[in-house]
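# Summary of the model geometry
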Amino acid sequence: MISMYETKDVRIRESFSKFQKFAGFSIAAMCILSLGYFVFWLGAISDEIFFEYGRPYFEPLASFLNLGSTTTDIYLNTCIYLLFAIVPVLFAQYIANKLEEALLNEHKAKLEKRMLKEREEERKSYLARFDSIQTYSICLSLDYESKKDKKPISAHNKEILNKIIYSKISDLLYKIEKNSSININDVLVFTSHDFSNYDFIYDSILSGLSQIKKIIEAKYNCNLIPSMTTDAYSDELTTTKIRKQHYEIQSFNFKNRALTTATFANKYKHLKHNKYAGIPIGEYAYFGNGIMGTYELNVIHKNLALALNQAI
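Residues numbered from 1 in each chain as written. Predicted model: local features only at pLDDT ≥ 70, side-chain atom pairs only at ≥ 80, totals over all residues. Heavy atoms only, no water.

## Here we look at helix H4 (residues 155–176)
With 22 residues, H4 should cover 32 Å at 1.5 Å per step; its first-to-last C-alpha distance of 31 Å lies within 8% of that length. Those residues of H4 that fall on the buried side of the exposure criterion are Leu161, Asn162, Ile165, Tyr166, Ile169, Ser170 and Leu173. Seen along its axis, H4 keeps its buried residues to an arc of 165°; they face one direction. Summarising the geometry of H4, the exposed residues directed more than 90 degrees from the buried face are His156, Lys163, Lys168 and Lys175. Buried residues in H4 make contact with strand S1 (135–146), strand S2 (181–184), strand S3 (188–192), helix H5 (198–220) and strand S4 (222–233). (Helix = DSSP H or I, 4+ residues; strand = E, 2+ residues; numbered from the N terminus. Expected span 1.5 Å × (residues − 1). Buried < 20%, exposed > 50% of the residue type's maximum accessible area, 1.4 Å probe, protein only. Arc of directions from axis to C-beta. Contact = heavy atoms within 4.5 Å.)

Right, here's the structure in full:
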């Protein structure tokens, strides 16, 4: 639509440009003719041969402009008439300039009005897109390694520790937000519709993990390696789908990091929050079942374990 308005702008300028060129040519022609008639008049009054030789060329226009007169003065009069004829052409140029300016201003006003309308529609569409995002999730997965040899602990011990830690984090979150949904398996999946409470929820998870990490590492002589991802959705997703997305993000070698998706970060900023917006780190592609997908990610903590140590 904008290009159509731009094309009209060009057409207006081209139309008036043609008139200005024609007017300029007319003024130049009349100046040359006026000078020619003046020179011929001077020659006519001083040399009869010159007069007779040039008369066939200059007399038709002079006779037309000076009906009933046959003296050589008609050539001087024609010279003067041609000079005076330039005045209305100059006036027409002035009027044309004003008309062109008025038409361009009118066109510009319409264009600006159209652009404002389109921007408003884009703004409404942009806001509607965020309004449709009603749910967010926080996924927490835990790994452990022996302090002695830096090797992963057994799957059995990992399962036991996960149940203990997830249960404590789950109890903590239920006390804060009773209407939330929490699913515990190999990943703790927290989902909520209350974005306004997100900062407090996230603070509580970090605080709880920080205290648990200190106890686990002292009691079991192993390092706790947490990973967290936050996403947001327009449609309700199953816990299985959310868990799958968490592991897809982890497959980018993002263990021990706290991450958010761009969808959540944009919704979060739209709500004028910034504490856990994160820093954009780019788009990452994954392949699964012959299908390629992408995640645009932000990082909150590059080393989540270290962040928990500092929070103790």
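This is not the end of the story, as more comes after the structure.
## Description of the environment of lysine 117
Inspection of the secondary structure puts lysine 117 in helix H3 (residues 73–131). For lysine 117, a relative accessible area of 47% corresponds to the partly exposed category. Placed 111 residues apart in sequence, lysine 117 and methionine 228 show a C-alpha to C-alpha distance of 42 Å.

## Concerning the pattern of salt bridges
For the structure on display, the rule yields ten salt bridges. Between lysine 163 and glutamate 159 there is a salt bridge, and its shortest N-O distance comes to 3.8 Å. Of this pair, lysine 163 and glutamate 159 both sit in helix H4, four residues apart, roughly one helical turn. Close ionic contact of lysine 275 with aspartate 203 constitutes a salt bridge, the shortest N to O distance being 3.0 Å. Pair noted here: lysine 275 is in the loop between helix H7 (262–270) and strand S6 (279–288) and aspartate 203 is in helix H5, with a separation of 72 residues, a long-range link. The class for aspartate 203 is partly exposed, based on a relative accessible area of 27%. (Salt bridge = Lys/Arg side-chain N within 4 Å of Asp/Glu carboxyl O.)

## Considerations on the layout of surface pockets
Its volume calculated, the largest pocket comes out at about 240 Å³. Lys168, Gly208, Gln211, Ile212 and Ile215 are, among the 13 residues lining the largest pocket, the residues nearest its centre. The set of elements that each furnish at least two residues to the lining of the largest pocket consists of H4 and H5. Of the residues that constitute the lining of the largest pocket, the class distribution is seven nonpolar, four polar and two charged. (1 Å grid on protein atoms, 1.4 Å probe; cavity = no way out; pocket = protein on both sides within 12 Å on 5 of 7 lines; lining within 4 Å. Points joined across faces, edges and corners; volume = space filled by probe spheres on them. Nonpolar A, V, L, I, M, F, W, Y, C, P; charged D, E, K, R; others polar.)

## Notes on empty space enclosed by the protein
Throughout the structure, instances matching the rule amount to one cavity of 30 Å³ or more. By volume, the largest cavity amounts to about 50 Å³. Surrounding the largest cavity, Ser137, Cys139, Thr229, Thr230, Asp231, Tyr233, Ile242, Gln245, His246 and Ile249 form its lining. Where the lining of the largest cavity is concerned, the elements lending two or more residues are S1, S4 and helix H6 (239–250). Looking at the lining of the largest cavity, its residues break down into four nonpolar, five polar and one charged.

Just geometry here; none of it tells us what the structure is for.
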